[in-house]
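# Working through the structure, step by step
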2 protein chains.
Amino acid sequence: MAPKGQKFELKTPKGTKDWEGKDMVIRDKIFSTITEVFKRHGAVTIDTPVFELKEILSGKYGEDSKLIYDLADQGGEICSLRYDLTVPFARWLAMNRDVQNIKRYHIAKVYRRDQPAMTKGRMREFYQCDFDIAGVYDPMLPDAEIVRITTEVFKGLGWNGRYTIKINHRKILDGIFEVCGVSTNKIRTISSAVDKLDKLPWEEVRKEMTVEKGLSDEIADKIGEYVVLKGQKDLLRKLQADPVLSANESMRAGMADMELLFTYLEAFNCLDNVSFDLSLARGLDYYTGLIYEVVTEGSAPLATTSTATAAPPKPSKKPSGKAGADFDEDRSSDPSVGVGSVAAGGRYDNLVGMFSGKNQIPCVGISFGVDRIFSITKARMEADKNSELVRNNEVDVYVMAFGGKGFTGLVKERLAICATLWEAGIKAEFLYKVKPKLPNQFKAAEVNGVPMAVVIGEDEVAQGKVKIKEMGLRDGHPEKDGVLVDLADIVPEIRQRLKRKANLDQLAQEAEGLRVVDGIKGEPEKVEGVPKTEKPAEESPLSQEAIGAVPTS
Amino acid sequence: MAPKGQKFELKTPKGTKDWEGKDMVIRDKIFSTITEVFKRHGAVTIDTPVFELKEILSGKYGEDSKLIYDLADQGGEICSLRYDLTVPFARWLAMNRDVQNIKRYHIAKVYRRDQPAMTKGRMREFYQCDFDIAGVYDPMLPDAEIVRITTEVFKGLGWNGRYTIKINHRKILDGIFEVCGVSTNKIRTISSAVDKLDKLPWEEVRKEMTVEKGLSDEIADKIGEYVVLKGQKDLLRKLQADPVLSANESMRAGMADMELLFTYLEAFNCLDNVSFDLSLARGLDYYTGLIYEVVTEGSAPLATTSTATAAPPKPSKKPSGKAGADFDEDRSSDPSVGVGSVAAGGRYDNLVGMFSGKNQIPCVGISFGVDRIFSITKARMEADKNSELVRNNEVDVYVMAFGGKGFTGLVKERLAICATLWEAGIKAEFLYKVKPKLPNQFKAAEVNGVPMAVVIGEDEVAQGKVKIKEMGLRDGHPEKDGVLVDLADIVPEIRQRLKRKANLDQLAQEAEGLRVVDGIKGEPEKVEGVPKTEKPAEESPLSQEAIGAVPTS
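Every value quoted in this text rests on a predicted model; they were computed, and no experiment measured them. (Residues numbered from 1 in each chain as written. Chains lettered and ligands numbered in written order. Predicted model: local features only at pLDDT ≥ 70, side-chain atom pairs only at ≥ 80, totals over all residues. Heavy atoms only, no water.)

### Focus: the overall build of chain A
Along the backbone of chain A there are 18 helices and 18 strands. Out of the 553 residues belonging to chain A, those deemed buried represent 57%. Contacts in chain A between residues at least 24 apart in sequence constitute 72% of all its contacts with a sequence separation of at least 6. Roughly 23,300 Å² of accessible area belongs to chain A as shown, and the carbon and sulfur atoms make up 53% of that amount. (Helix = DSSP H or I, 4+ residues; strand = E, 2+ residues; numbered from the N terminus. Buried < 20%, exposed > 50% of the residue type's maximum accessible area, 1.4 Å probe, protein only. Contact = heavy atoms within 4.5 Å. Areas by Shrake-Rupley, 256 points an atom, 1.4 Å probe, with all protein chains shown as cover.)

### Concerning the environment of A:Arg124
Assignment of secondary structure puts A:Arg124 in the loop between β4 (102-111) and β5 (125-134). Through-space distance from the C-alpha of A:Arg124 to that of A:Gly15 is 4.7 Å; in sequence the pair is 109 residues apart.

### Here we look at the pairing of strand β10 (residues 343-348) of chain A
Residues and elements named next belong to chain A. The buried fraction of β10 is high, at six of six residues. Judged by which residues are buried, β10 turns out to be covered on both faces: Ala 343, Gly 345 and Arg 347 on one side and Ala 344, Gly 346 and Tyr 348 on the other are all buried. Of the pairings in the sheet, the one linking β10 to strand β11 (residues 363-369) comprises six bridges and is antiparallel in character. Across the sheet, the residue bridging to Tyr 348 is Cys 363, located in β11. (Pairing = 2+ DSSP bridges.)

### What about the domain arrangement of chain A?
Taken domain by domain, chain A consists of domain 1 (21-301 + 338-383) and domain 2 (397-512). Relative to domain 2 of chain A, the C-alpha centre of domain 1 of chain A lies at a distance of 51 Å. (Domains from an automatic or database assignment.)

### As for the packing of aromatic side chains
Enumeration according to the criterion identifies 39 aromatic pairs over all chains in this entry. Seen from their ring centres, A:Tyr61 and A:Tyr83 are 4.4 Å apart, and the 45° between their planes marks the pair as tilted. You can see A:Tyr61 sitting in the loop between α2 (54-57) and β3 (79-81) and its partner A:Tyr83 sitting in the loop between β3 and α3 (86-95), a full 22 residues away along the chain. According to the relative accessible area criterion, A:Tyr83 is buried, its value standing at 4%. Taken together, A:Phe38, A:Tyr105, A:Phe131, A:Phe154, A:Trp159, A:Tyr163 and A:Phe368 form an aromatic cluster joined through their ring pairs. Above the plane of the ring of A:Tyr69 lies A:Arg113, whose end atom (NZ or CZ) is 5.5 Å from the centre. A cation sits over an aromatic face here: B:Lys17 above B:Trp19, 4.0 Å from the ring centre. (Phe/Tyr/Trp six-rings, centres within 6.5 Å; stacked < 30°, edge-to-face > 60°. Lys NZ or Arg CZ within 6 Å of the ring centre and 35° of its normal.)

### Observations concerning the sheet that holds strand β9 (residues 290-296) of chain B
Residue and element names in this part refer to chain B. If you trace the nine strands from one edge of the open sheet to the other, you get β1-β4-β5-β11-β10-β9-β6-β8-β7, paired in mixed fashion. Because the sheet does not close on itself, it has two edges, and the strands there are β1 (44-45) and β7 (230-231). Here strand β6 (residues 163-169) runs beside strand β8 (residues 274-277); their pairing, made up of three bridges, is parallel. Across the sheet, residue Ile 167 finds its bridge partner in β8, namely Phe 276.

### A few points about helix α16 (residues 438-447) of chain B
Residues and elements named next belong to chain B. Burial in α16 covers these residues: Gln 441, Phe 442 and Ala 445. Looking straight down α16, one finds its buried side chains confined to an arc of 95°; they lie on one side. Among the exposed residues of α16, those pointing more than 90 degrees away from its buried face are Pro 439, Lys 443, Glu 446 and Val 447. Looking at the buried residues of α16, the elements they touch are β12 (397-401), α15 (411-423), β14 (452-456) and β15 (465-470). Backbone geometry just downstream of α16 places Gly 449 in the positive-phi region, at approximately 65°. (Arc of directions from axis to C-beta.)

### A short note on unusual backbone geometry
Residues and elements named next belong to chain A. One non-glycine residue, Met 140, adopts positive backbone phi at about 70°. Within the secondary structure, Met 140 sits in the loop between β5 and α4 (141-156). Residue class for Met 140 comes out buried when judged on its relative accessible area of 4%. Here Leu 410, not a glycine, exhibits a phi torsion of approximately 50°, which is positive. Secondary-structure assignment places Leu 410 in the loop between β12 (397-401) and α15 (411-423).

### Remarks on the pairing of strand β6 (residues 163-169) of chain A
Residues in a regular strand project their side chains so that they alternate between the two faces of the sheet. All names here are of chain A. In terms of residue burial, β6 counts as a mostly covered element, since seven of its seven residues are buried. Bridge analysis of β6 against strand β9 (residues 290-296) gives seven bridges, and the strand direction is antiparallel. Counterpart to Ile 165 in the pairing with β9 is Val 294.

The structure is reproduced here in structure tokens:
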């Protein structure tokens, strides 16, 4: 299909895609929901360049550094595309020494040369939505607000009850490893093995610890007893009651933080979806305190629960330098690939100091994976057939003309009406034809679900009138054939009808028990007079099984 | 200042910068103003990847191709950062053969390895805001709507009367060149010389035509007579009256288009700032019909009018492969560098076919240079001292506690109040201290201009009350010391006060003759009872001199 002389395939680079149509509308809605929450908590935004000096990113990502995209050396500086939004934020803090504290959010694309699984939202170019609190503050107050923000984001997205915020503390993990007998130099690598428990069964993780990383069977089994534990304050009490653990200094520091955290989360009224989960470890080296990860149904791979005979592929372990067809291949249909976590983060008190030296600024933050949230949202909307309700554009009025023999098309009149509507801020379109056919104009309006038509003919123009026709009225409706109004009154007449229609649509959807936000249906927050159904017992956010359960609305 | 072992400078790559604070607020306001206009005209957005296969960009930008950023070859595909948003849009149209027409907008960063002049908005990473109409339609209807959109954007930005939309037509330019005797193979290169008339005096352009490009003096002088002409319909009439020009086929086609265009622009009521300018040529090869360029004060370099003894530097002509300190150097203070055009575009009917072959889709569009618009907006705001009115964040309420000896800090109570406010969608903050000092809490609120404080002490908590205090009330105001309200009523009490304050602020600013939009002051659109001052005669958008004139408000 390529024109003569064009030898390449017409496509976007592997692991990237164009965003269009309803997907864009849904994604924008996710962005605006998240931004609204961030601003509600006083955050300001900072925009850093897409590429950084290569040295800025060096030594920040451990093994994953090989996934960084470099720019070609075309003379001058050597640069790389950003891998996340956290390191650029730390670089910015180090550069701006007058800023000693800030709440900042950043919604932007990041780049990783990883093996893609497009339909699951695993891409090489993808968006992150980060919120971070930087500054020297009293312990756990910012950390608790991050949890509260997370619950507001998922509430805003209509995910009530359908997600779990796993939390853990690096000092507790380290304490457990120490108590179990892991030597100090092996703590990070054993922690990184534990981090795979959400993707691999315990036997696999145990094998990595013992066979690959040389831990004794006895130590591995001791670790195994702890990392299956999850709960809330009850788990904290259990750990506190263990005299061996309480004797460990790192453990005591971590438990003191968790004690404060639970107090603050109660005051913030946001404990419902929180799970204190000792298997949560997070891969990145730079976390120093509390860590977070949000999972939902679809986060874990389908194949996790089966007894794997062979280990699933580990994409990030392959050297990307020798990328072949295998590595570039899309793994969207691979059952061993889950969507993964939909948000993650933690406290990183030493990262800014890696750039600025003495001027250390402690930080805590979370990053929302919008592309994964999008994949899940879209799958749910398609299952509910809600995606049909999403409009492509937001046009309110289609301006049309009609006439019989000798029809001139009334183009100047249509343009003038559009200009009047635009002047008033009303979204309007017309067909770019001098003499358009009426059915073609209605078709163009219907394709985009435009709710209102303004129709003119020679008679209307002569009388200084226009006909306003609401689309899709039932037969017998008094305004089915449209109403004639003065051209001079077109703006208030249209405004009044748009408002009435919006109210009616809302009432109709509330009667169906549906909530519509900016054209996207979600679950009802609370419908007047209809009490919200209590969550069934098996849907406790704390049980791992519940993640697969989709509550009916 | 770098920590031990860190040998590189802490900065962003040359020609890029971090966006923060008030700059971000102003830039976001520009984005939302432009997006609102685009949506009002029925546009939908498409998001393409930041990098494309290198071959997609090849052969699209002529000499400027050397400014393209390439990604390093790390195995797999060879990619480049996008240079504009037009070529990715054409690639998308060619890939999506079911889409035969669309109005799309795209606001995103593009990349050019050009010599930077940061304070003038000339950067290597910068935003473009593109609006394009693709599809086979009747002539000049979409082209006219692009002009209308442009006027709405600058009206939305408060630039009434301060800009000029230059228009010209490639077929008219080509016709003039043919009539003057330029041979067909020289038309594009001579056109590219004419395009420099906004930056260079005529003598320089003439020299380029004759000495560099081998045109005879006679032909150059003939061209010189035409390219100084500007006007509106009067200029079109003058060209139509010229029998030599009218005999030229390209000229006739171009003039027929312009005739239609002026008719439509009148109907759209958007002729005021339009200048039909025969010196406008546009550099890019792919334009086939109408071309646009929007200029304002500051667009032209300061040095243009002086008799240049040496030609100003031509950054895009230098080979970027040998980029040295000279090339990377920021030219912000170079008087020979103007901000340039703030928007530009045109009709490109053959670009999609370069990808798709037979499936040709005609397009017309415009691109707004947000960074340049930002530079000008910011300079104007600083001149007017309006930038002081821009708040960093949008927080409505600061939640504080106070107490005497034995003060506990009331941290749980503060958190619970914040949770209640957030639940209601009210933007709120508190100080991350367990026992904060009251002056520190007020200071934190004042730094960000937070309008309302909620203050609690032991007494208030015991009574189930809170004190609401509006910040900055004059002495003697009945609520100067705050009002005590029931904790249970906190949400409606705060909402009512925020609404009242917003109304009062608006009244006060209207009294000053100022319009405030989202925290940014602009010129008043129309203040009730105060008729808008007529534009003074010397401010006609058609005179080149007027571009430098700033009307007082």
